[in-house]
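# Coordinates in review
The primary structure of each chain is shown beneath.
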Amino acid sequence: MIELLSKAYDYIQHNQSRFWEAVGTHLRISLTALALAIIICLPLGIWISRHPQAARYIINLVGVARVIPSIAILFLLVPTLGFGEPTALVALVVLAGPPILINTDAGMRGLNPAVREAGRGMGMSPTQLLTRVELPLALPVIIAGIRTAAVEVIASATIAYLIGIGGLGYFIFAGLPLSRYDLLLVGAIPVAILAFTAELLLSAVQRSFRYQ
Amino acid sequence: MAAQIAEQTKVEPKVADDAAIVFEDVVKDFPGAARPAVNHVSLSVKRGHLVILLGPSGCGKTTLMKMVNRLHEMTSGYIYIEGTPIYALKLEALRRQIGYVIQDVGLFPHMRVEKNIAVVPNLLGWDKPRIDARIDELLKLVGLPPEEYRRRYPRQLSGGQQQRVGIARAMAADPATLLMDEPFAAIDSITRTRLQDELLRIQHTVRKTILFVTHDVEEALRLADEIVIMQNGEVVQYDTPLNILTRPANQFVSQLVGAEDVLRRLSLLAVKDLLEPLTSQAAANHALSIGIGDNLRHALGLIMSSGSDALRVVDEAGNPRGQMTLTALRQLTSDHPNTLLPPDGATT
């Protein structure tokens, strides 16, 4: 194991530019997918929290989409979107969206009704109530959803390599057929570190928003 | 209905000068309900008075109150605030000029005390120095030293302290009118009594028009200038606490306030209700005196133990204010209070 690790380290030392480029691509794909998921699912989550009827259908639908393996989505999309970033992003957004959507819905519905009534009674407009009271209070739950999504996206972004985008998946999928486990580790360990860092960062952010 | 309410934006003020809140033939129908929640209610709240809406749950008291700041929209009728029909104002503007206190306090947990109090002044666009000064002023008014409490979060306060902040927040932009929806219902009884005293003290200095909902009869009798008793969406009696206890309009009111229990009735009334000028020598010379705010049950006990049939009444500072006599107590506790109360004791 030590030997494998040192071989992996040597590989990185000798292929620095390739390695860092892969890390960069991996991060860029992951963050873009996460941002897209937030842009789509945060407003949708707020909306369904106010429309419980629609919420049931949408959450079920999302639950179904979630169980389709990302790799399957990837190849299902290739005929229409082709090989390229959009395909990878769609697959990753489908993965990242559900936890954000479900947590936004839960966070908004979990608010103390007294707080809403106080805000309305004091003369806040619906937008003021949302931005000054509802969102800040729902934020810990929403961030928990983003945290789950971030970890899943970073781990799954490895498959982007399969449609020719690069990222840390390159080392994993290159090492596998050659039984080059050192190469596999060059991909796997940074992915784990990135996912773990995202988890730590976002749980720190989440804690800083806990008020009660 | 929509047309009628839209038309109200043009209605000229046509209410009495001293009336701060006026309900005119107000009806609220909830869809699917068998009877209206509020059924043709007309009443007028005098400026600077603390008026309590009292009744069992489902009587329409909360609905009636929440139509004032349009948390419920009335089905028909008119409500005026300071002479202006409420539908003549923009919804948010209306609410910002009415202080609102609710049972569950509803402090914003992510905001410090100071920011909670500053909510409405911020909405109204006050400048920072003015808001800052106002926060300190209000915290002092509700008995929370600003230097100690300004920077706290609501979770760092006890329930009673939270509701003090709730009251300060409602008064932040100095509204002429306050709506209070069972503000002390969720607070333990010792703290509740203290908060009631505080509210009376605050009200004594600020003289707001307060519409206060409760189902707690004792709270109503302690705090109210006038009490509105409601049943099935209608006003059964609108009168002073004294008159409600001594001349209940009907069996329902009598039972609700427990008017038939003499000792209870005495414990709910204050010496000031029976205050008369010092005439009796006994009272003038007698050592036994009683505070003007004490209850009549306590007064009865003093009379019994003193052997005299009158007590000297003094104010908080100990200055003599008058006397109260056993004769007056007898009248009050007689089995037929309606026939014995002097006619000039009646108010609207």
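Residues numbered from 1 in each chain as written. Chains lettered and ligands numbered in written order. Predicted model: local features only at pLDDT ≥ 70, side-chain atom pairs only at ≥ 80, totals over all residues. Heavy atoms only, no water.

Taken together, the contacts link 20 residues of chain A with 22 residues of chain B. Between chain A and chain B lies a buried interface of about 1,800 Å² when both sides are counted; carbon and sulfur atoms form 65% of it. With its nearest N and O atoms 3.1 Å apart, the salt bridge here joins A:Glu117 to B:Lys66. The tally of links from chain A across to chain B stands at six residue pairs in polar contact (both at pLDDT 80 or more). Secondary structure elements with two or more residues in the side of chain A that touches chain B: helix H6 (113-121) and helix H7 (126-156) of chain A. Looking at which element gives the most residues to the side of chain A that touches chain B, the answer is H6(A), with seven residues. Broken down by class, the residue content of the side of chain A that touches chain B amounts to 10 nonpolar, six polar and four charged. (Contact = heavy atoms within 4.5 Å. Buried area = accessible area lost by both parts, 1.4 Å probe. Salt bridge = Lys/Arg side-chain N within 4 Å of Asp/Glu carboxyl O. Polar contact = N/O pair within 3.5 Å; in protein donor to acceptor, adjacent residues only side chain to side chain. Helix = DSSP H or I, 4+ residues; strand = E, 2+ residues; numbered from the N terminus. Nonpolar A, V, L, I, M, F, W, Y, C, P; charged D, E, K, R; others polar.)

This next bit is on the side chain of A:Ser156. All names here are of chain A. On the secondary structure map, Ser156 appears in helix H7. Residue class for Ser156 comes out buried when judged on its relative accessible area of 18%. With residues up to four places along the chain from it excluded, the contact list for Ser156 reads Leu92 and Leu95. (Buried < 20%, exposed > 50% of the residue type's maximum accessible area, 1.4 Å probe, protein only.)

Residues and elements named next belong to chain B. For strand E4 (residues 76-81), the tally of buried residues reaches five of six residues, placing the bulk of the element in the interior. In the sheet, strand E1 (residues 19-28) pairs with E4 via five bridges, with the strands oriented antiparallel. Within E4, the residue paired with Phe23 across the bridge is Ile79. Note: E4 against strand E5 (residues 84-85), two bridges, orientation antiparallel. Bridged to Tyr80 within E5 is Pro85. Between E4 and E5, which pair antiparallel and follow one another directly, the connecting turn spans two residues, one of which, Glu82, has a positive phi of 50 degrees. (Pairing = 2+ DSSP bridges.)

Time to look at the nonpolar core. One broad rule of soluble globular proteins: the nonpolar side chains tend to lie buried together. Core analysis: the biggest nonpolar cluster contains 112 residues, and B:Leu211, B:Leu296 and B:Met324 have the highest contact counts within it. The next biggest cluster of nonpolar side chains, apart from the first, holds 54 residues, and it includes A:Ile12, A:Ala22, A:Val93 and A:Leu202. (Core = buried A, V, L, I, M, F, W, Y, C linked by side-chain atoms within 4.5 Å.)

This part covers the sheet that holds E4(B). All names here are of chain B. Strand order across the open sheet formed by four strands is E2-E1-E4-E5, with antiparallel pairing between neighbours. Looking at the sheet topology across the chains shown, the edges are occupied by strand E2 (38-46) and E5. Judged from the six bridges that link them, E1 and E2 form a sheet pairing that is antiparallel. What sits directly across from Phe23, in E2, is Leu43.

Quick look at unusual backbone geometry now. Keep in mind that most residues, glycine aside, have a negative phi and that most peptide bonds are trans. Backbone geometry at A:Ser179 places phi at a positive 55 degrees, although glycine is not the residue there. A positive phi is found at B:Asp174, a non-glycine position, where the angle reads about 55 degrees. Relative to the assigned elements, B:Asp174 resides in the loop between helix H8 (159-170) and strand E7 (177-181).

What follows concerns the environment of B:Ser57. All names here are of chain B. Inspection of the secondary structure assignment puts Ser57 in the loop between strand E3 (50-54) and helix H2 (61-66). In this structure Ser57 comes out as exposed when scored by relative accessible area, which is 71%. Note: C-alpha distance between Ser57 and Tyr149 (92 residues apart in sequence) is 35 Å.

Our next topic: the packing of helix H2 (residues 16-50) of chain A against helix H3 (residues 52-67) of chain A. All names here are of chain A. Contact geometry of H2 with H3 gives a least axis separation of 6 Å together with a crossing angle of 130 degrees. The orientation of H2 with respect to H3, classified from their angle, is oblique. Residues Leu44, Trp47, Ile48 and Arg50 of H2 lie in contact with H3, whose contacting residues are Pro52, Ala54, Ala55, Ile58 and Ile59. For the contact of H2 with H3, the residue count by class is eight nonpolar, no polar and one charged. (Axes fitted to C-alpha atoms, helices over the stretch in contact; angles between N-to-C directions. Parallel < 35°, antiparallel > 145°, perpendicular 65-115°, else oblique.)

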